[in-house]
Amino acid sequence: KFEFNPKDGIDNPALSLAEDTDGKGMGEPRFYLLSKGSTETFGFSLHEELGCQGHIIRQVELGGVAQRRGLQDGDRLIQVNGHFVDHMDHHRVVQKIKASGNRVLLAVLDGDSYEAAKVLGRDLSQMLPADIRPRLCHITRDKRGFGFSVSGPEGVKGTFQLSVQQDGPAERAGVPPGSWLLELNGASVRSYSHAQLTRKVRGPSAGGWGTGAGKVAECPVFPIQLKQSGSKVTLLVASSAVEEFYRLQGLQVMAALADTSWLPFKVRELHMVKGPAGYGFLLKEDDCSSGAIGQFLWDVDVGLPADQAGMKEGDRLLAVNGESIEGLDHKQTVLKILARDDQVTLLVIDPAGDEFYQSVGFGDPAWSHP
């Protein structure tokens, strides 16, 4: 390690004053949750520069969203919405940010620390928490109920921990045992007291799964059976590690950042090679359930490339050739589809999935696609 003596001065200005060959002086990743209005930008550009490694934060607008949160010029972007991106193609990283809508969670490393990590051969993904995403779980009730119960201390609002029945509907839907309940059917439970939440549920006699413990003074336990839910319920949950991460970072956990891999609703990628009669579908502009304008796929011709690729009537188009169409009008979307003469890859979601994502406040589901 280089020791600086003020009397001697510095002969080599390129040498760090505390050059740690073991990386102990390296900075830690910083996390920023950026939220913007529909007519705003996030207030920065992402560059790929000759002679520099990584995705570089540039042109941080004074007073913009990114600058107000603390993003700095020269920072290297290493994670977007819980996805490690340092190894990804630059254009794909830009599209991930665009597809995340009006909220995006970024992890960055300052430029000096990033370059030092690269020199030392560090795996940057190991500098990040193993999992920082909450989980969306869609549970279908069986004859015994939903298969989970909730406990929470009397007099404390918004603190509810889940117990999960082994091999029950909740466990099969991906609810981790001991996780914390954040939302029920898209509505936050943060303002609910234990008593208020119990008024939304039914007892074991209604068919819910219960522990038989009844109410305990310090940690009352009761079976969840949402009266409004019918046979299905959607939970946003977080493990203790994920909850602690957001709390220590001072960030709000939200459905838009969730791991959706356990959901029955999936985006689909359709690759088509144009035939003599074309692709065999029509693109129509219409209103989405959210009130925004969307591009929808109709008149799918049986036996033609679109049908063979799995296109369904009423699918909503999310991306073309890996690029989100958010913000594009109908004509611009058509031109993007026709940009390649003989083939195209579309990312779509069916009406049921589209309505579900809108109902839980997920935003554009395109970014969840690997």
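Because the structure is predicted, anything quoted here is derived from the model rather than measured.

Conventions adopted
Residues numbered from 1 in each chain as written. Predicted model: local features only at pLDDT ≥ 70, side-chain atom pairs only at ≥ 80, totals over all residues. Heavy atoms only, no water. Phe/Tyr/Trp six-rings, centres within 6.5 Å; stacked < 30°, edge-to-face > 60°. Helix = DSSP H or I, 4+ residues; strand = E, 2+ residues; numbered from the N terminus. Buried < 20%, exposed > 50% of the residue type's maximum accessible area, 1.4 Å probe, protein only. Lys NZ or Arg CZ within 6 Å of the ring centre and 35° of its normal. Polar contact = N/O pair within 3.5 Å; in protein donor to acceptor, adjacent residues only side chain to side chain. Pairing = 2+ DSSP bridges. pLDDT = per-residue confidence, 0-100. Contact = heavy atoms within 4.5 Å.

Asker: Looking at this structure, I do not really get the packing of aromatic side chains. What am I missing?
Answerer: In this description, an aromatic ring pair is defined by two values, namely the gap between the centres and the angle between the planes. In the structure shown here, the tally under the stated rule is 5 aromatic pairs. On the basis of an interplanar angle of 80° and a centroid distance of 4.8 Å, the ring pair of Phe 31 and Phe 245 is categorised as edge-to-face. Placement of Phe 31 in strand β1 (residues 30–35) and of Phe 245 in helix α6 (residues 240–249) is noted, with a sequence separation of 214 residues between them. In this pair, the class of Phe 31 matches that of Phe 245, namely buried. A centroid spacing of 5.2 Å and a plane angle of 85° characterise the contact between Phe 245 and Tyr 246, whose relative ring orientation is edge-to-face. The class for Phe 245 is buried, based on a relative accessible area of 10%. Taking NZ or CZ as reference, Lys 36 lies 5.3 Å from the ring centre of Phe 42, over its face.

Asker: Explain the environment of Gln 95 to me, please; I cannot follow it from the model alone.
Answerer: Assignment of secondary structure puts Gln 95 in helix α2 (residues 90–99). Spatially, the C-alpha atom of Gln 95 lies 6.4 Å from that of Ser 324, the residues being 229 residues apart in sequence. Within the local environment of Gln 95, its side chain forms a polar contact with the backbone nitrogen of Ser 324, the two atoms lying 2.9 Å apart.

Asker: Honestly, the pairing of strand β3 (residues 55–58) in this entry has me stumped. Any pointers?
Answerer: The side chains of a regular strand alternate, first on one face of the sheet and then on the other. Bridge count between strand β2 (residues 45–47) and β3: 3 bridges; the pairing is antiparallel. Counted as the bridge partner of Leu 46 is Ile 57 from β3. The sheet contact formed by β3 and strand β4 (residues 76–80) spans 2 bridges and is antiparallel. Looking at β4, one finds that His 55 is bridged to Leu 77.

Asker: Explain the confidence of the model for the protein chain to me, please; I cannot follow it from the model alone.
Answerer: Interpreting fine coordinate detail is not advised for predicted regions of low pLDDT. Scored by pLDDT, the protein chain comes out at a mean of 81, with 80% of its residues at no less than 70. Within the protein chain, β3 carries the highest mean pLDDT (97), whereas strand β12 (residues 221–223) carries the lowest (39). Across residues 1–21, confidence stays below pLDDT 50; counting only partners more than four residues off in sequence or on other chains, it has 13 contacts. Low pLDDT (under 50) marks residues 202–228, which in the prediction has 78 contacts with non-local residues, meaning those over four places away or in another chain.

Asker: I keep staring at α2 and nothing clicks. Help me out?
Answerer: Because each turn of an α-helix spans 3.6 residues, side chains separated by three or four positions end up pointing in the same direction. Listed in full, the buried residues belonging to α2 are His 90, Val 93, Gln 95, Lys 96, Ile 97 and Ala 99. Tucked into the core, α2 has its buried residues touching β2, β3, β4, β5 (83–84) and β18 (323–324). The N-cap residue of α2 is Asp 89: its side-chain oxygen and the backbone nitrogen of His 91 are 3.1 Å apart. Two residues or fewer after α2 comes Gly 101, characterised by a positive phi angle close to 80°.

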